Amino acid sequence: MERDTDTDTDTDGARRLFGGSFSIALPPQAIDVSDMRQIPDNQEVFVHKHTDQSLIVELLEYQSHVTDAEAAKFHFEEATQGNEGSGMAGAEVLEVQRVGHVSLQDCDSIWYLSGRQRVAKFDEQAKNVVHLHLGLFRLPLYTTDILITFNDAVTISPLSSSSAADGEGVDGAVGNAQPWTLEHFQTAIASLRLLNPSVFC
């Protein structure tokens, strides 16, 4: 595959991740958060230019004590505890199902989880309802769980700063770009490819 050496994007539109070790088809209007602030080495974080939506790719330790659908639920609980929300008390799992027909090889199994959580932005009291879509790739060969999370704010409190900034992008520009959809997330899940296994070493 030919790569545009001036960017992190391949000529087919796929985005390189983790120093070129993976590639993925990102949704449109995706902005790399690492251009604005420091991101942990095991994460790649992207936000929509005009909405509160985000897409996160994480390389996590393989959780051998949980299997199949329970692994997806485990990572959902970890994600909701990490968010500035109500923890699991304000979260619920809506659906868990196995996924097939993806580009990533060497997976023991791949799972999709849909859930919901009430989350506060920054230190605010107001909480927004966020729909979480998780794609979990289980790679025991590399003792790694790869987690792709799509955070989709479906209800924004009028007291949240997100409400005041509605319609503004991260660069302050007002735009009418369409929000990301579940189909965008599904495309990202299906397109993830491992290019350099040494990333796990």
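The structure we're discussing is the one just above.
Since we're looking at a predicted model, the values are computed, not measured.

Student: Looking at this structure, I do not really get helix H1 (residues 68–82). What am I missing?
Tutor: Side chains three or four residues apart in an α-helix point the same way, a direct result of the helix having 3.6 residues per turn. Across its 15 residues, H1 extends 22 Å between first and last C-alpha, which sits within 8% of the 21 Å expected from 1.5 Å per residue. Every buried residue of H1 is listed here: Ala 71, Ala 72, His 75, Phe 76 and Thr 80.

Student: Explanation requested: the pattern of salt bridges in the structure shown.
Tutor: Enumeration according to the criterion identifies 4 salt bridges in this entry. For Arg 15, the salt bridge identified is with Asp 32, shortest N-O distance 2.8 Å. Within this pair, whereas Arg 15 is found in strand E1 (residues 15–17), its partner Asp 32 is found in strand E3 (residues 30–32), the two being separated by 17 residues in sequence. Each member of the pair, Arg 15 as well as Asp 32, is classed as buried. Residues Glu 92 and Arg 116 are paired through a salt bridge, measuring 2.6 Å at the closest nitrogen-oxygen approach. Note that Glu 92 is positioned in strand E6 (residues 91–98) and Arg 116 in strand E7 (residues 109–120), a separation of 24 residues in sequence. A relative accessible area of 33% means that Arg 116 is categorised as partly exposed.

Student: Just to check I follow, could you spell out the side chain of Ser 23 for this structure?
Tutor: Within the fold, Ser 23 resides in strand E2 (residues 22–24). A residue is classified by how much of its surface remains accessible, and Ser 23, at 2% relative accessible area, is buried. Sequence-distant contacts of Ser 23, that is, excluding residues within four places in its chain, are made with Asp 10, Ala 14, Arg 15, Arg 16, Ser 191, Leu 192, Arg 193 and Leu 195.

Student: I would appreciate a short explanation of the pairing of strand E4 (residues 43–48) in the present structure.
Tutor: A regular strand carries its side chains on alternate faces of the sheet. In terms of burial, E4 is largely enclosed, as 5 of its 6 residues are buried. Relative to E4, E3 runs antiparallel, the two sharing 3 bridges. Within E4, the residue paired with Asp 32 across the bridge is Phe 46. Strand direction decides the pairing type here: E4 and strand E5 (residues 54–61), joined by 5 bridges, are antiparallel. Each bridged residue has a counterpart across the sheet, and for Gln 43 the counterpart in E5 is Glu 58.

Student: I keep staring at unusual backbone geometry and nothing clicks. Help me out?
Tutor: Glycine aside, the phi torsion of most residues is negative, and most peptide linkages are trans. In this structure, Asp 68 is a non-glycine residue whose phi angle is positive, near 50°. Using a relative accessible area of 39% as the deciding quantity, one classes Asp 68 as partly exposed. Of note in the backbone geometry, His 101 takes a positive phi value of approximately 60° without being a glycine. Along the chain, the position of His 101 falls in the loop between E6 and E7. Accessibility expressed as a relative area gives 84% for His 101, which makes it exposed.

Student: What is the right way to read the nonpolar core from this model?
Tutor: What tends to happen in soluble globular proteins is that the nonpolar side chains get buried as a cluster. Leu 17, Phe 22, Phe 137, Ile 146, Ile 148 and Leu 192 are the most contacted members of the largest nonpolar core, which totals 24 residues. Breaking this core down by element, the ones donating at least two residues are E2, E5, E7, strand E8 (127–139), strand E9 (144–155) and helix H3 (182–191). Leave out the neighbours within four places in its chain, and Leu 192 touches Leu 17, Phe 22, Ser 23, Ile 24, Ser 103, Leu 104, Phe 137, Ile 146 and Ile 148. Residues Ala 71, Leu 132, Leu 134 and Leu 147 belong to the second largest nonpolar core, which totals 14 residues.

What counts, and at which threshold
- Residues numbered from 1 in each chain as written.
- Predicted model: local features only at pLDDT ≥ 70, side-chain atom pairs only at ≥ 80, totals over all residues.
- Heavy atoms only, no water.
- Helix = DSSP H or I, 4+ residues; strand = E, 2+ residues; numbered from the N terminus.
- Expected span 1.5 Å × (residues − 1).
- Buried < 20%, exposed > 50% of the residue type's maximum accessible area, 1.4 Å probe, protein only.
- Salt bridge = Lys/Arg side-chain N within 4 Å of Asp/Glu carboxyl O.
- Contact = heavy atoms within 4.5 Å.
- Pairing = 2+ DSSP bridges.
- Core = buried A, V, L, I, M, F, W, Y, C linked by side-chain atoms within 4.5 Å.

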